[in-house]
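Letter by letter, the chains look like this.
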Amino acid sequence: MNKIEPLAKSHDRDGFDCGSEPLNLFLMQTARQHMERGISRTFVLVDEAVSDPKPILGFFSLNICQIQSETLAPVEAKKLPRIVSGVRLGRLAVAKEHQRQGFGKVLLAAAMEKFMEIFNRAGGIGLFVDAKDQEAKRYYEQFGFVPMPSNELELFLPVKTIQDALAEKS
Ligand SMILES: CC(C)(COP(=O)(O)OP(=O)(O)OC[C@H]1O[C@@H](n2cnc3c(N)ncnc32)[C@H](O)[C@@H]1OP(=O)(O)O)[C@@H](O)C(=O)NCCC(=O)NCCS
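Source: prediction; values computed, not measured.

A.B. asks: Could you give an account of the environment of Pro158, with specific residues and numbers?
C.D. replies: Note that Pro158 resides in strand S9 (residues 151–158). Classification of Pro158 by relative accessible area gives buried; the value is 12%. Considered as a pair, Pro158 and Arg32 are 126 residues apart in the sequence and their alpha carbons are 28 Å apart. Ignoring any residue separated from it by four or fewer positions in sequence, one finds Pro158 in contact with Glu76, Ile125, Gly126 and Gly144.

Have a look at this one:
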């Protein structure tokens, strides 16, 4: 059975390949250091039935962020203070041999659930993501992410969209 858990030593970071070297390297070299120093949190999708070191089927990273509300679309920025907080989905990737099997969707839903845990304790206006290219942008858009007017490869998923998506799922 597949499970999402925080990245740990028991996971096979070196064996992961999503086809994007910067994302592979982040998982291999940086993600655990960032966890230890509180810079970001990385969560991995693994098959719990497989023995250690467990192959990583996919992963995502989250960190708290602050943004200037004027960088949002006017309709989103209305009545917000000048600086607001949110959660950045820093990375999202699925192992090459498991792409197009719905794992990206599963990871995204888990990121939304984790956003809601933060939202319920400390607030936040939504999830932000930097798409690495136009294809990644299209991938995020189908889940309701909207491009930021200042940079179309930076996208925003408002809290209302997250709540609606999770309500639909449950
Ligand atoms: C982008 C990525 C995370 C998607 O994960 P995935 O598990 O392959 O995607 P899913 O199977 O969950 O796809 C969900 C839907 O998105 C569509 N989709 C998948 N990859 C897509 C892409 N690259 N562009 C547009 N749509 C895509 C699928 O057709 C599917 O639609 P459906 O449910 O109607 O069939 C994965 O392909 C990946 O790791 N790519 C390399 C790294 C990367 O580009 N990361 C993006 C962060 S910048």
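Text resumes after the structure shown.
A.B. asks: Pulling in residues and values, what's your account of the site of the ligand?
C.D. replies: Close contacts around the ligand come from 19 residues, with Val94, Arg100, Gly102, Gly104 and Gln142 the closest. Between the ligand and Val94 there is a distance of 2.7 Å, counted from an oxygen atom to a backbone nitrogen or oxygen. In the environment of the ligand, an oxygen atom lies 3.3 Å from a nitrogen or oxygen atom belonging to the backbone of Gln101. Taken by itself the ligand offers 900 Å² of open surface, and the protein chains cover 76% of this. Put simply, the parts of the chain that give the shell around the ligand at least two residues each are strand S6 (83–94), helix H3 (103–122) and helix H4 (134–141). Tallied by class, the residues present in the shell around the ligand amount to 9 nonpolar, 5 polar and 5 charged.

Analysis parameters
Residues numbered from 1 in each chain as written. Predicted model: local features only at pLDDT ≥ 70, side-chain atom pairs only at ≥ 80, totals over all residues. Heavy atoms only, no water. Helix = DSSP H or I, 4+ residues; strand = E, 2+ residues; numbered from the N terminus. Buried < 20%, exposed > 50% of the residue type's maximum accessible area, 1.4 Å probe, protein only. Contact = heavy atoms within 4.5 Å. Near = heavy atom within 4 Å. Polar contact = N/O pair within 3.5 Å; in protein donor to acceptor, adjacent residues only side chain to side chain. Areas by Shrake-Rupley, 256 points an atom, 1.4 Å probe, with all protein chains shown as cover. Nonpolar A, V, L, I, M, F, W, Y, C, P; charged D, E, K, R; others polar.

What is shown is where atoms sit, not what they do.
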